[in-house]
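# Reading the structure
Now for the letters of each chain:
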Amino acid sequence: MPELISYDDAIETAYDIFLEMAADNLEAADVIIFVAQFDDKGAAELVETSDDWAQHVGFDVDKNIYAEIRVGLVNEDSDVLDDVFARLLISRDPDNKFCHVLWKRD
């Protein structure tokens, strides 16, 4: 098995993918809100990989190889990422590039 990319690199990759695809996959109002508030409240964070990914991607997700990154805005009062614009599943295997995004749906 190849050496996996770091979690920090997975977060950076997920955020780059999010930025590239956000305008095409989010409501215009959400893009405006995210851009306006990102400097103060924006975050991309690694979370425990949820068990629901298999139903979205069609295969069992190995939590050692795949990382879940959430991108959104942090609640100033609780420091919790509570306005999630996207959940991304990223492969940390450099030989098997994979990303699946679940976008915010109102």
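What counts, and at which threshold
- Residues numbered from 1 in each chain as written.
- Predicted model: local features only at pLDDT ≥ 70, side-chain atom pairs only at ≥ 80, totals over all residues.
- Heavy atoms only, no water.
- Salt bridge = Lys/Arg side-chain N within 4 Å of Asp/Glu carboxyl O.
- Helix = DSSP H or I, 4+ residues; strand = E, 2+ residues; numbered from the N terminus.
- Buried < 20%, exposed > 50% of the residue type's maximum accessible area, 1.4 Å probe, protein only.

### Re the pattern of salt bridges
- The final tally for this structure, using the stated rule, is six salt bridges.
- With its nearest N and O atoms 2.8 Å apart, the salt bridge here joins arginine 87 to aspartate 52. Of this pair, arginine 87 sits in strand β3 (residues 80-91) while aspartate 52 sits in the loop between β1 (42-47) and α3 (53-57), and the two are 35 residues apart along the sequence.
- A salt bridge links glutamate 68 to arginine 87, with the nearest nitrogen and oxygen atoms 2.8 Å apart. Taken together, the positions of glutamate 68 in strand β2 (residues 66-75) and arginine 87 in strand β3 put the pair 19 residues apart, joining distant regions of the chain. Summarising the burial analysis for this pair, glutamate 68 and arginine 87 share the class buried.
- Each of the salt bridges in this network shares a partner with another, and the network as a whole consists of Asp52, Glu68, Arg70 and Arg87.

Read these as spatial facts, not as claims about activity.
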